[in-house]
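Close look at the chain arrangement
Residue-level listing of the chains:
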Amino acid sequence: MRYDPDTVLLGTLLADPEVVAILEKHSPGITSNPMIGMAKGMTANQALVMGAPMLGGQQVVDTIRAEMSQLA
């Protein structure tokens, strides 16, 4: 696993093109949404939990987490 979602900040993830591709694949337009700027200082897990409704629900969040965990 490239990133620990409990410690890595969303802002760090958004700088990684592979993570951005995963987010965009499951929730098109999410990385360019102006509201995402407010979450950049949160850990990935905090942002995913709070953003679940905007991302498409818990199933989408679980899929994003699973794909991110596969990044080496």
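From a predicted model like this one, the values you see are computed outputs, not experimental measurements.

Each value, and the rule that gives it
- Residues numbered from 1 in each chain as written.
- Predicted model: local features only at pLDDT ≥ 70, side-chain atom pairs only at ≥ 80, totals over all residues.
- Heavy atoms only, no water.
- Helix = DSSP H or I, 4+ residues; strand = E, 2+ residues; numbered from the N terminus.
- Buried < 20%, exposed > 50% of the residue type's maximum accessible area, 1.4 Å probe, protein only.
- Contact = heavy atoms within 4.5 Å.
- Core = buried A, V, L, I, M, F, W, Y, C linked by side-chain atoms within 4.5 Å.

**Comments concerning the side chain of Thr43**
Within the fold, Thr43 resides in the loop between α2 (17-26) and α3 (44-55). The exposure class of Thr43 is buried, given its relative accessible area of 16%. Setting aside anything within four residues of it in sequence, one finds Thr43 in contact with Pro5, Asp6, Thr7, Val8, Leu9 and Leu10.

**Remarks on the nonpolar core**
Counting 21 residues, the largest nonpolar core has Leu10, Leu13, Val19, Leu23, Leu55, Ile64 and Met68 as the members making the most contacts within it. Broken down by secondary-structure element, the contributors of at least two residues to this core are α1 (10-13), α2, α3 and α4 (58-69). At 5 residues, the largest contribution of residues to this core is made by α3. Setting aside residues no more than four positions away along its own chain, Val19 makes contact with Tyr3, Leu13, Met68 and Leu71.

By themselves these figures say nothing about function.
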